[in-house]
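Chain residues, written in single-letter form:
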Amino acid sequence: MDDPILTIEEREAINAGRWFSSLSPSLRHDILRCAFVKRLKDGDLISARGDSPEEWMACARGAVRVSSTSLSGKQITFTYVEPGIWFGDVAILDGDTRTHDVYAHGDTTILCVAKADFQKILAAHVEFYDAMLRLQARRIRQLFGLVEDLNTLPLRSRLAKQLLHLVRSYGVPSLNHGSETRIGLHLAQEELAQLLGASRQRVNQELKAMEREEILRIEPGGLVVRDRESLLRISASE
């Protein structure tokens, strides 16, 4: 059964979100007042491509995997939504169907606002329109950045940038090694390769090369970044 209340950590993740924290206190209050909580297990379907948009959502804990399935049946992952990020608003705004499949990745908590409540908040807060425009503009900038990287950067640089993003979003400082950071989001190499638009074999080669250079360490439970400065230098190289 869904727990109707966010934990302290989940509430902090929502409030700390860059976009949400920029809203006025009254708007944040009304959004949270209308929202309800869903707790999901790894692999649970949140929404499917072609569904009618019924809810606007935010990730409060865990991760949300946005993917699509090709005609051949292969599933392709586009991105992972981290705690504090709102999603699903495109279909809510234009009234069209969902464009992708969305799944929970690991134990995940999402905060949901029903479509009717979303419309009521829009009607009550002129500020909300501007805020949604800023949110969409930020996503467009990110999308153009990803397309540019895919067409201009070598795989090694794109991998370094992706690892830095994962460290910022899911980094857990090592208790035994102060300079090391474990990536808390567990991704199979195939899933990481999909994010980079590359084959698993090529990504594996790059990861092993970085491990030999003592930039990271590959462990059964995931990746540990040992030298963040080296990743920054690699990500900036073309």
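Use the structure listed above.
(A) View of the pattern of salt bridges. Taken as a whole, this structure holds 12 salt bridges when the rule is applied. When the shortest N-O distance is used, the salt bridge between Glu10 and Arg39 registers 2.7 Å. Here Arg39 lies in strand 1 (residues 36-40) and Glu10 lies in helix 1 (residues 8-16), a separation of 29 residues in the sequence. For the salt bridge of Glu180 with Arg226, the shortest nitrogen-to-oxygen distance reads 3.4 Å. Highlighted residues: Glu180 in the loop between strand 7 (171-173) and strand 8 (181-183) and Arg226 in the loop between strand 10 (222-225) and helix 9 (228-236), separated in sequence by 46 residues. A relative accessible area of 6% means that Glu180 is categorised as buried. Residue Arg226 is classed as partly exposed on the basis of its relative accessible area, which comes to 32%. One network of salt bridges, with partners in common, ties together Glu180, Arg182, Arg217, Glu219 and Arg226.

(B) Representation of the packing of helix 6 (residues 155-170) against helix 7 (residues 189-196). One can describe the packing of helix 6 onto helix 7 by two numbers: an axis separation of 10 Å at closest approach and a directional angle of 110 degrees. On the basis of the axis angle, helix 6 is roughly perpendicular to helix 7. For the pair helix 6 and helix 7, the crossing hand works out as right-handed. Note on element contacts: helix 7 touches helix 6 through Leu192, Leu195 and Leu196, opposite Leu155, Arg158, Leu159, Gln162 and Leu166. Residues that form the contact of helix 6 with helix 7 fall into these classes: 6 nonpolar, 1 polar and 1 charged.

(C) Fine view of the packing of helix 4 (residues 115-124) against helix 5 (residues 126-152). Running from N to C, helix 4 and helix 5 cross one another at 110 degrees; their axes reach a closest spacing of 5 Å. Relative to helix 5, the element helix 4 is oriented roughly perpendicular. Taken together, the residues of helix 5 that come into contact with helix 4 (itself represented by Phe118, Ile121, Leu122 and Ala124) are Val126, Phe128, Tyr129 and Met132. Within the contact of helix 4 with helix 5, the residues separate by chemical class into 8 nonpolar, no polar and no charged.

(D) Inspection of the side chain of Arg98 at higher detail. Its location among the elements puts Arg98 in the loop between helix 3 (89-94) and strand 6 (101-114). A polar contact is formed between the side chain of Arg98 and the backbone oxygen of Glu55, at a distance of 2.6 Å. Arg98 has contacts with Ser47, Ala48, Arg49, Gly50, Asp51, Pro53, Glu54, Glu55, Met57, Gly88 and Ala91, leaving out every residue within four places of it along the chain.

(E) Examining the sheet that holds strand 9 (residues 216-219) more closely. Reading across from one edge, 7-8-10-9 is the order of the 4 strands in this open sheet, with antiparallel pairing throughout. Whereas interior strands pair on both sides, the edge strands pair on one side only; in this sheet they are strand 7 and strand 9. Along the sheet, successive strands turn relative to each other by an average axial angle of 25 degrees, direction set aside. One ladder, built from 3 bridges, connects strand 7 with strand 8; its direction is antiparallel. Across the sheet, residue Pro173 finds its bridge partner in strand 8, namely Thr181.

The rules behind each value
Residues numbered from 1 in each chain as written. Predicted model: local features only at pLDDT ≥ 70, side-chain atom pairs only at ≥ 80, totals over all residues. Heavy atoms only, no water. Salt bridge = Lys/Arg side-chain N within 4 Å of Asp/Glu carboxyl O. Helix = DSSP H or I, 4+ residues; strand = E, 2+ residues; numbered from the N terminus. Buried < 20%, exposed > 50% of the residue type's maximum accessible area, 1.4 Å probe, protein only. Axes fitted to C-alpha atoms, helices over the stretch in contact; angles between N-to-C directions. Parallel < 35°, antiparallel > 145°, perpendicular 65-115°, else oblique. Left-handed = near helix turned anticlockwise from the far one by under 90°. Contact = heavy atoms within 4.5 Å. Nonpolar A, V, L, I, M, F, W, Y, C, P; charged D, E, K, R; others polar. Polar contact = N/O pair within 3.5 Å; in protein donor to acceptor, adjacent residues only side chain to side chain. Pairing = 2+ DSSP bridges.

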